[in-house]
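This is what each chain is made of:
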Amino acid sequence: MDIEKVNSMDFREFVDVFGNVIERCPLIAAAVWSQRPFSNLEDLEKHFFAFIDALPLSGREGILRCHPDLAGPELQRGTLTPESQREQSGAGLMNLGAAERLRLAELNARYQARFGFPFVLAARLSDREAVPRELARRLRCLRAQELSTAMDEVKKIGRLRLADLLGSDFPKP
Ligand SMILES: NC(=O)N[C@H]1NC(=O)NC1=O
């Protein structure tokens, strides 16, 4: 998909296509649409990230809270968004044994209790061994540092989702 195609989209089409670049936050795509025309595909991405960076703390925490747990109940129930389902399956989180699933559930719960938002990590850049390791490591971080790490992960997820949507016209992350 090239930038002319993106710039030609009406509001509905744009939000249909880009509404889940940031998990369960179609409002962000709705706001980015107002910034058209985009000079190129990197410019489109910049607008997504600039919107996120300009949010107050409550807005950035809100974005994190829109993310489903990794290997959490929604994966079991099959109620994830298609993007999240693909990412979590690709990282092997569908195939955990009972003990691995329990350990991740405990770590996710401890993380949520400590920071007040769920643990967020770009699953496509990780795997089933690295996820609990990274979760345990980040549990020991300070809150401000952790918020910043988590927002960087949101951007990595968004960048990979944009690359999927835009195809070869967008440089691979
Ligand atoms: N909790 C969390 O990180 N969830 C996200 N990560 C990812 O790669 N896809 C998601 O839904």
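Computed from a predicted structure; not experimentally measured.

A. Inspection of the nonpolar core at higher detail. Counting 51 residues, the largest nonpolar core has Phe14, Phe18, Leu44 and Phe48 as the members making the most contacts within it. For this core, the secondary structure elements donating two or more residues are α1 (3-8), α2 (11-18), α3 (26-33), α4 (41-54), α5 (57-65), α8 (98-115), α9 (130-138) and α10 (143-166). If one sorts the elements of this core by residue count, α10 sits on top with 8 residues. When we break this core down by domain, the ones giving at least three residues each are domain 1 (3-62 + 164-169) and domain 2 (69-156). Residue contacts for Leu44: discarding those within four places in its chain leaves Val6, Phe14, Phe18, Val32, Phe38, Leu162 and Leu166.

B. Geometry of the packing of α3 against α4. It is the contact of α3 with α4, at a shortest axis distance of 10 Å, that shows an interaxial angle of 120°. Of the possible angle classes, the one that applies to α3 and α4 is oblique. Crossing handedness for the pair α3 and α4: right-handed. Residues Ile28, Ala29, Ala31 and Val32 of α3 lie in contact with α4, whose contacting residues are Leu44, His47, Phe48, Phe51 and Ile52.

C. Just the UniProt feature "domain: Oxo-4-hydroxy-4-carboxy-5-ureidoimidazoline decarboxylase" (unreviewed entry) in the protein chain, in detail. The positions that UniProt labels "domain: Oxo-4-hydroxy-4-carboxy-5-ureidoimidazoline decarboxylase" (unreviewed entry) are, in the present scheme, residues 7-163. End C-alpha atoms of residues 7-163 are separated by 17 Å, and the span's content is 66% helix alongside 0% strand.

About the cut-offs
Sequence order as written defines residue numbering, which begins from 1 separately in each chain. In keeping with the predicted nature of the model, local features appear solely for residues at pLDDT of at least 70, side-chain atom pairs appear and are counted solely at 80 or more, and the whole-chain, interface and lining totals rest on all residues. Excluding hydrogens and water, the side-chain figures rest on all heavy atoms present in the structure. Residues enter a nonpolar core if they are buried and are Ala, Val, Leu, Ile, Met, Phe, Trp, Tyr or Cys, with the set joined through side-chain atoms within 4.5 Å. With a 1.4 Å probe rolled over the protein chains alone, any residue whose accessible area is under 20% of its type maximum counts as buried; one over 50% counts as exposed, and the rest are partly exposed. To qualify as a helix, a DSSP run of H or I must reach at least 4 residues; to qualify as a strand, a run of E must reach at least 2; elements of each kind are numbered from the N terminus. Start and end positions for the domains come from either an automated domain assignment or a database one. Pairs of residues are marked as contacts when any of their non-hydrogen atoms sit within 4.5 Å. Here, axes are lines fitted to C-alpha atoms. For helices the fit covers the stretch in contact, and angles between N-to-C directions go from 0 to 180 degrees. Just so you know how the angles are binned, under 35 degrees is roughly parallel, over 145 roughly antiparallel, 65 to 115 roughly perpendicular, and the rest oblique. By convention the crossing between two helices is left-handed if the near helix lies anticlockwise of the far one by an angle smaller than a right angle, and right-handed if it lies clockwise. UniProt positions are given in the numbering used here, feature names are shortened, and annotations may be inferred rather than shown by experiment.

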